[in-house]
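Residue strings, one per chain:
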Amino acid sequence: MLLVGTAVFVIANVATALAPTFGIALATRAVAGFGAAMFSPTATGSAAMLVPAEKRGHALSIVVAGLTLSTALGSPVGAVIGGLGDWRYTMAFVASLGAVALVGIWIALTEVPLPLAVSLSKRLAPLADARVGLTLATTFLGLTGIFTVYTYFAVAFDRAIGGNSFVLGVLLVLWGAAGTFANLASGRLIDRIGSRRVILVMLTVLAIDSALMPWTSASLWTAVPAIVIWGASGWGLLVPQQYRLVALAPAIAPVLLGLNTAGSFFGISAAGVIGAAGLQAVGAHHLGFVGAGLAVIAFLVSELATLRIAAAERSKPAPVTI
């Protein structure tokens, strides 16, 4: 699946670079997204299965750190490459990176534990388990809160950016770099203190930092630390969430991580709608209040998941199966 997903991604990006019309370019972008969707949960699931349980947090953090770093650097690097020629150069560059990854997977990952072959209905079956459902809801709410502001980053931080595109790019890179560092650090922390404490710390910091954004976004000097903390606490939530899901049912880790990835994407999509409504209701400079509210709700839902997990441990039910 890793090879197929990467191959689809590479071919689709090459097709985009060669697309003769805008409609065909859009269609090939959808195909590229399909390839990426095949790759992401498979990568995290494989990472969890390739290492012992005591190293699972660190393994997941490395995979998520790659996602975070690519998010941070993708837009600025793509803009630079496109500026040197046109947007087709950017697509060709993305395809070349994917080709390198394809070769690396082919050579280095010759033996990856195979996940269970299951139908779509069975993939959705774990949602009936309250522990899984509440954990996925935490991911959805957390990502929605993060991206409610991020989607409208340029207008939420316009006072700090001052119309300077270079400053905007630097702030975006800082956001992603902080998230990358937090991912790597959270993996180690999870292996030592458990996922619950890391989740609660990340959501608490995220809520406080978001609530202060109407004031911290007013100048560059206050925006920089706020954005760094925001990126670290926001992206730092993903690894402990994945760890919690894998711990619930290691045998079907790829299925659960696939559902978590879907929850992340739904959250990001919902953030655009909620952020747009927030722009009309409270204004761009106060979107942090909306993000903070969602982070608080995610905190409460996460604790409900903890209670369900603890109750299940006491009663020792049958493990989640599909």
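Residue numbers here run from 1 along each chain, matching the order of that chain's written sequence. Given that the model is predicted, a residue must reach a pLDDT of at least 70 before its local features are reported, and side-chain atom pairs must reach 80 or more before they are shown or counted; all residues, however, enter totals for whole chains, interfaces and linings. By convention in this description, side-chain values take in all heavy atoms of the structure and omit both hydrogens and water.

Undergrad: What is the right way to read the overall build of the protein chain from this model?
TA: A count of helices and strands for the protein chain gives 15 helices and 0 strands. Burial status across the protein chain gives 45% buried among its 322 residues. Note on contacts: a residue pair qualifies if any of its non-hydrogen atoms lie within 4.5 Å across the two residues. When contacts within the protein chain are restricted to residue pairs at least 6 apart in sequence, long-range pairs at least 24 apart make up 82% of them. Split by element, the accessible area of the protein chain, about 15200 Å² in all, is 74% carbon and sulfur. Put simply, DSSP H or I for four residues or longer makes a helix, DSSP E for two residues or longer makes a strand, and each gets a number counted from the N terminus. Relative accessible area decides the class of each residue, using a 1.4 Å probe on protein chains only: under 20% of the type maximum gives buried, over 50% gives exposed, and in between gives partly exposed. The Shrake-Rupley method, run with a 1.4 Å probe, gives the accessible areas here. Residue values count only the displayed protein chains as cover.

Undergrad: So what exactly am I meant to see when it comes to the packing of helix H13 (residues 238–248) against helix H14 (residues 253–281) here?
TA: Helix packing for two helices is described by the angle between their axes and how far apart those axes are. Axis angles are defined between N-to-C directions and span 0 to 180 degrees, where every axis is a line fitted to C-alpha atoms and, for a helix, only to the segment in contact. Direction vectors running N to C along H13 and H14 enclose 145 degrees, while the axes themselves pass 9 Å from each other. The handedness of the crossing between H13 and H14 comes out as right-handed. Seen from H13, the contacting residues are Leu-238, Gln-242, Leu-245 and Val-246; seen from H14, they are Ala-253, Leu-256, Leu-257, Asn-260 and Ser-264. Under the convention adopted here, Pro, Cys and the residues Ala, Val, Leu, Ile, Met, Phe, Trp and Tyr are nonpolar, Asp, Glu, Lys and Arg are charged, and Gly plus all remaining residues are polar. Across the contact of H13 with H14, the residue classes break down as 6 nonpolar, 3 polar and no charged. For a crossing to be left-handed, the near helix must be turned anticlockwise from the far one by less than a right angle; the clockwise case is right-handed.

Undergrad: Honestly, the packing of aromatic side chains in this entry has me stumped. Any pointers?
TA: The description of two aromatic rings rests on the distance between their centres and on the angle between their planes. Two aromatic rings from Phe, Tyr or Trp, using only the six-membered ring of Trp, form a pair when their centres are within 6.5 Å; if the ring planes differ by under 30 degrees the pair is stacked, by over 60 it is edge-to-face, and anything between is tilted. Applying the stated criterion across every chain yields a total of 12 aromatic pairs. Between Tyr-150 and Trp-175 the ring centres are 4.1 Å apart and the planes differ by 20 degrees, which places this aromatic pair in the stacked class. Linking Tyr-150 in helix H6 (residues 130–150) with Trp-175 in helix H9 (residues 165–193), this pair joins segments that are 25 residues apart in sequence. Residues Tyr-150 and Trp-175 agree in their burial class; the two are buried. For the ring pair Phe-157 and Trp-230, a centre distance of 5.9 Å and an interplane angle of 25 degrees mean the geometry is stacked. Residue Phe-157 is found in the loop between helix H7 (153–156) and helix H8 (158–161), and its partner Trp-230 is found in helix H12 (residues 220–235); the two are separated by 73 residues along the sequence. By relative accessible area, which is 0% here, Phe-157 ends up buried. An aromatic cluster is present here, built from Phe-147, Tyr-150, Phe-153, Phe-157, Trp-175, Trp-230 and Trp-235 joined pairwise through their rings.

Undergrad: Before we go on, may I ask you to explain the nonpolar core in this structure?
TA: The tendency in soluble globular proteins is for nonpolar side chains to be buried side by side. Residues belong to a common nonpolar core when they are buried Ala, Val, Leu, Ile, Met, Phe, Trp, Tyr or Cys residues joined through side-chain atoms within 4.5 Å. Core analysis: the biggest nonpolar cluster contains 43 residues, and Phe-147, Phe-153, Phe-157, Trp-175, Ile-227 and Trp-230 have the highest contact counts within it. With residues up to four places along the chain from it excluded, the contact list for Phe-157 reads Val-149, Met-213, Ser-217, Ala-223, Ile-227 and Trp-230. Ranked by size, the runner-up nonpolar core spans 10 residues in total, among them Leu-136, Leu-248, Ile-252 and Ile-309.

Honestly, that's just the spatial picture; any functional story needs more than this.
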